[in-house]
Amino acid sequence: MTHDLVYNILSLGVPFSVALLLASLGEMFNQRAGVFNLGCEGIMCMGAFLGFLPAFFLKTGPLAPYGIVLGFAVAAAAGVAMGLLFALVTVTFRAEQGIAGIGLQMMGWGVAGTLFRHFVGGVTGVEGLASWPLPGLSRIPFLGGILFNHNPMVYIAFLMVPASWYLLFKTPWGLKVRAAGTEPRAADSMGINVNRVRYQALMLGGAMAGLGGAYLSLCQAKMFADDLVAGRGFIAVALVYFGRWSPLGVLGGALLFSLAQSLQLAIQVAGIKFPYEFAVMLPYVLVILVLSLARKARMRGPTHLGVPFNREMRY
Amino acid sequence: MAKAQPIHELQLTGITKRFPGILACNNVSMRVARGEVLALVGENGAGKSTLMNILAGLYQPDAGTIAINGEEVRFHTPNDAYARGIGMVHQNFMLVPNMTVTENVALGLKQHHRFMNLDLKATRARIVEVSEHHELPVNPDAYVWQLSVGEQQRVELIKTLCFGAQLLILDEPTSALTPQETDDLIDRLKRMTAELSIIFISHKLQEVKELSHRVAILRHGAVVFNGRTEDHTPAELAALMTGREVHLPRNEGLLVEGPAILEARDLKVRGDRGHFALDGLNLEVHAGEILGLAGVSGNGQRELAEALTGLRPVESGTVRFLHKDMTNKSPAAMIAAGLGYIPEDRHHEGIVPRFTVKENLVLKDFPTPRFSWSVVLKLGEIARNAESLKASFDIRCSSTSAAGGSLSGGNIQKVILARELAREPKALISVYPTRGVDMGAQEFIHSQLLARRRAGGGILLISEELEEIMNLSDRIAVIYKGRILKVLTSLEATREKLGLLMAGVAE
């Protein structure tokens, strides 16, 4: 019985973490480059809707399997576009990043909802991405089902963790990103175009947030609704702090949050007498707790986070 | 980045640069030949750094040209300047603290980068090669935040040399170094002139004399002098710099044994890394004296100043001020009791950079009846106060409504000094009051401290400049590893004795 409960919580929690993981890794690149993008939520909303749209239109035709692939591509492209918009506002025009982020969040949420009512109308499901058990690995007892019996996006998202680490710490571009967020004047004095790096990071971050959103509508809920993203974009931003701007830390945060979420579901399903509201609160309380306890070691983070770069500013 | 052609001659002609409200460089021309060291001197805010930032491609000039070997060049970005062999070491180091030395250098070494693959091995090899060739020892794998200021300076030099610099621009390279590190740096630079040209900015005329072949003096953005260094004494150069004779004042008063007003007894205080930065320190400052605290920085000076002003908790021991136990009282209580403080970090602790000069001048007094009716500020009085302090302390700013942070270092220091001294403190703690400040401002600050002493104030003067300490102090205490090693009267103190004590040798 406990064995089954633990198995259920874990095997449900792992795919729950994907949307958070993708968006949060993207946000990590934004912040490492020195830009704080609170609009992550808005990008996820747009990604969720625009990813859903092709799958919805191609649902019944022979092209149905491509609908989902197309959906992810469109969502990523929309994320890039919104990242560009955010870069224009905060990097080029040096607008206050927190406020611009709230604006982007409202915009994404509003536009996605409006377009949804216009093109789709009511709640409709899509086929979604099917499970794709990894041959061999998925038959490992216990762990196989938890780790290797998911849809392909789960594997891709988890592969993004080492890929992000490599990109950030082992490539010239990663070096530039880290310098731009920590000591932009130093980067500039060495001939690095700080603003260009920030644009690139925001585009990458946007694409990943868009994919995260599309995962919600195409793989997790297999439908679209106005409140589908439900604050995950904000949680993703918080997870970057929680993970101390490292891919592994972000992974840990995403898993912790998603496991808390699946624990809450399991509690409900098992009919254990526990107030429903408290169960829903659990993951959010956890994030607040962890964030207030993990305040040390700021040294590793981007110290110029949130500060627009202006070479000729005199102080 | 291909290896730049040798720079036989660099010529600046008619360089002009304006910032809002300031003409930073006004039609400046100068030339540097291969193997030559040009010292660029001038008061704070004379336009030296701006001129060099133009040469390094960071700022664009509004007018004027740069020519290398007779060919006109335009630097739109620092890359362009590097490509022609011009490298700059900035006053505030341009290093990313949470990266290793190798990563910092790799940032600029683009020829070692393959797509998606950072060749840190090649960069590391290049660092080792340059470091051995120029005898600049450095650990390529250390994180920058782990290094001392002197080591960071070497990293900056190596970085610039790795990029193939033929002409080094050094902006106040010694301003943050200890005396030993300074001597060391000068030696290394002298050796490097065999292969390179150097332009260096400095306030310290002794260094200018020691290192440079030629000297150019800027005043208010214009060149007022350009000639051979060996033809002029430091005093002559100082006069040219300020436009008048400069005499650093000396404390010639008699040693008066006033009552002890500020006392530290068996003080134990932790530093930022958790160790005891002050380890049983005893010290007393008397009314009407300047007590100089000599020591190599990092021996507890900062922690002492912060413990006395209430900014840092005291673990054990007592702080007495005006015969009352004030241990672990809040900074507000210390200020109210009449303690003045000139902090080490003037940009972050001394002023609020985004506040105007007049606001900065009342930071400690705005709630008093003089500057406010209970909840409303008396803006007129605040402005009048600023105008009068601006005049009496010779604060040079376009207006007292300018942001404090936009002033030059020396003038920020005068703002702090004006605010603290106008309150007529019973005791004043003054930490590195003239660090990075030009001769003229230094003279002014010293004379103000001496005036406060004559008025009966007790001053704790913390400094690394032996010259400053010996000129001003009645008594000199030497701090070493969080304790006072010895206290000498000014008559007993010599450079040699102090130097030995600072190195921890007590007899």
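Residues numbered from 1 in each chain as written. Chains lettered and ligands numbered in written order. Predicted model: local features only at pLDDT ≥ 70, side-chain atom pairs only at ≥ 80, totals over all residues. Heavy atoms only, no water.

Visitor: Help me understand the interface of chain A and chain B in this model?
Guide: Accessible area lost on assembly of the parts is the figure often given for the size of an interface. Listed per partner, the contact involves 27 residues of chain A and 38 residues of chain B. The interface formed by chain A and chain B holds one salt bridge in total. A salt bridge links E103 of chain B to R178 of chain A; its shortest N-O distance comes to 3.0 Å. The tally of links from chain A across to chain B stands at three residue pairs in polar contact (both at pLDDT 80 or more). With six residues, the top contributor of residues to the side of chain A that touches chain B is helix α7 (residues 172-182) of chain A. Class assignment for the residues of the side of chain A that touches chain B results in 12 nonpolar, five polar and 10 charged. (Contact = heavy atoms within 4.5 Å. Salt bridge = Lys/Arg side-chain N within 4 Å of Asp/Glu carboxyl O. Polar contact = N/O pair within 3.5 Å; in protein donor to acceptor, adjacent residues only side chain to side chain. Helix = DSSP H or I, 4+ residues; strand = E, 2+ residues; numbered from the N terminus. Nonpolar A, V, L, I, M, F, W, Y, C, P; charged D, E, K, R; others polar.)

Visitor: Quick question: what am I supposed to make of the sheet that holds strand β2 (residues 22-33) of chain B here?
Guide: Working definition: the strands of a sheet are paired by backbone hydrogen bonds and lie parallel or antiparallel to each other. All names here are of chain B. Taken in spatial order, the four strands of this open sheet run β2-β1-β4-β5, and their pairing is antiparallel. Each end of this open sheet is capped by a strand with a single partner; those strands are β2 and β5 (71-73). Neighbour to neighbour, the strand axes of the sheet diverge by 30 degrees on average, direction disregarded. Summarising the sheet, strand β1 (residues 9-19) and strand β4 (residues 63-68) pair through five bridges and their orientation is antiparallel. Paired with L12 across the two strands is I66, which belongs to β4. Contacting β1, β2 and β4, helix α1 (residues 48-55) crosses the sheet at an angle of about 120 degrees to β1. (Pairing = 2+ DSSP bridges. Axes fitted to C-alpha atoms, helices over the stretch in contact; angles between N-to-C directions.)

Visitor: Teacher, can you tell me more about the layout of surface pockets here?
Guide: Rolled over the atoms, a probe with the dimensions of a water molecule shows which regions are left empty. Within this model, the second largest pocket holds a volume of roughly 1,200 Å³. Breaking the lining of the second largest pocket down by element, the ones donating at least two residues are α6 (179-192), α7 (205-211), α8 (234-242), α15 (439-454), α16 (466-472) and α17 (495-502) of chain B. (1 Å grid on protein atoms, 1.4 Å probe; cavity = no way out; pocket = protein on both sides within 12 Å on 5 of 7 lines; lining within 4 Å. Points joined across faces, edges and corners; volume = space filled by probe spheres on them.)

Visitor: I tried to follow the environment of G258 of chain B on my own but got confused; where do I start?
Guide: Residues and elements named next belong to chain B. Mapped onto the elements, G258 comes out in the loop between α8 and β13 (260-270). Sequence separation of G258 and H286 is 28 residues, and the distance between their C-alpha atoms is 5.4 Å. Setting aside chain neighbours within four positions, we find G258 in contact with H286 and A287.

Visitor: For this particular structure, what's the right way to read the state of the cysteines?
Guide: A disulfide bridge is the covalent bond that connects two cysteines by way of their sulfur atoms. This model, assessed by the stated rule, comprises zero disulfides over all chains. Cysteine C219 of chain A is unpaired, with the sulfur of C45 of chain A as its nearest cysteine sulfur at 17 Å. (Disulfide = S-S within 2.5 Å.)

Visitor: Explanation requested: the environment of Q264 of chain A in the structure shown.
Guide: Topologically, Q264 of chain A is positioned in helix α11 (residues 247-269). You can call Q264 of chain A buried: its relative accessible area is 8%. (Buried < 20%, exposed > 50% of the residue type's maximum accessible area, 1.4 Å probe, protein only.)

Visitor: Would you take a moment to explain the packing of α7 of chain A against helix α9 (residues 194-220) of chain A for this structure?
Guide: The description of two packed helices rests on the angle between their axes and on the distance between the axes. Residue and element names in this part refer to chain A. Interhelical geometry of α7 versus α9 gives an angle of 110 degrees and a closest axis separation of 9 Å. On the basis of the axis angle, α7 is roughly perpendicular to α9. Between α7 and α9, the residues in contact are W173, K176, V177, A180 and G181 and V194, V197, R198, Q200, A201 and L204, respectively. A per-class count over the contact of α7 with α9 returns seven nonpolar, two polar and two charged. (Parallel < 35°, antiparallel > 145°, perpendicular 65-115°, else oblique.)

Visitor: When you look at empty space enclosed by the protein in this model, what are you seeing that I'm missing?
Guide: Counted by the stated rule, this structure contains four cavities of 30 Å³ or more. For the largest cavity, the calculated volume is near 50 Å³. Around the largest cavity, the lining residues are S189 of chain A together with A56, L58, P78, A81, Y82, I86, G87, M88 and H90 of chain B. For the lining of the largest cavity, the secondary-structure elements that each account for two or more residues are α2 (78-83) and β6 (86-89) of chain B. Within the lining of the largest cavity, the residues separate by chemical class into seven nonpolar, three polar and no charged. Of the volumes computed, that of the second largest cavity is approximately 40 Å³. Together, L239, F242, G253, L256, F257, L286, V287 and V290 of chain A line the second largest cavity. When contributions to the lining of the second largest cavity are tallied by element, the ones reaching two or more residues are α10 (232-242), α11 and α12 (276-293) of chain A. Its residues placed into classes, the lining of the second largest cavity shows seven nonpolar, one polar and no charged.

Visitor: Where do I start with the domain arrangement of chain B in this structure?
Guide: All names here are of chain B. Here chain B is described as being made up of domain 1 (9-242), domain 2 (246-338 + 425-507) and domain 3 (358-423). For domain 1 versus domain 2, the distance between C-alpha centres works out to 34 Å. If you look at the interface, domain 1 gives 15 residues, while domain 2 gives 11 residues. Here domain 1 and domain 2 share an interface that buries about 950 Å² over both sides, 59% of which is from carbon and sulfur atoms. Contact with domain 2 buries surface across domain 1, with N44, T178 and H203 losing the most and accounting together for 33% of the total. (Domains from an automatic or database assignment. Buried area = accessible area lost by both parts, 1.4 Å probe.)

Visitor: Explain the sheet that holds strand β22 (residues 458-462) of chain B here, please?
Guide: Residues and elements named next belong to chain B. Taking strand neighbours across the sheet as the criterion, the six strands line up as β18-β21-β22-β15-β23-β24 in an open arrangement whose pairing is mixed. Of all the strands in the sheet, the pair left with one neighbour each is β18 (339-342) and β24 (483-489). The mean angle between the axes of side-by-side strands here comes to 20 degrees, regardless of whether they run parallel or antiparallel. In this structure, strand β15 (residues 290-294) lies alongside β22, joined through four bridges in parallel fashion. The residue bridging I290 from the neighbouring strand is I459, located in β22.

Visitor: Please clarify how the packing of aromatic side chains should be interpreted in this entry.
Guide: In this description, a pair of aromatic rings is defined by centroid distance and the angle of the planes. Residues and elements named next belong to chain A. Inspection of every chain in the model, using the stated rule, returns 14 aromatic pairs over all chains. Ring plane angle 65 degrees and centroid distance 5.4 Å describe the contact between F49 and F224, whose orientation is recorded as edge-to-face. Of the two residues, F49 sits in helix α2 (residues 40-57) while F224 sits in the loop between α9 and α10, which places them 175 residues apart along the sequence. Considered together, F49 and F224 belong to a single accessibility category, that of buried residues. (Phe/Tyr/Trp six-rings, centres within 6.5 Å; stacked < 30°, edge-to-face > 60°.)

Visitor: It is not clear to me how α1 of chain B should be interpreted in this structure. Could you clarify?
Guide: In an α-helix, one turn spans 3.6 residues, which is why side chains three or four residues apart end up on the same side. Residue and element names in this part refer to chain B. With seven of eight residues buried, α1 lies mostly within the body of the structure. Among all positions of α1, only K48, T50, L51, M52, N53, I54 and L55 are buried. One or two residues past the end of α1 sits G57, with phi positive at roughly 85 degrees.

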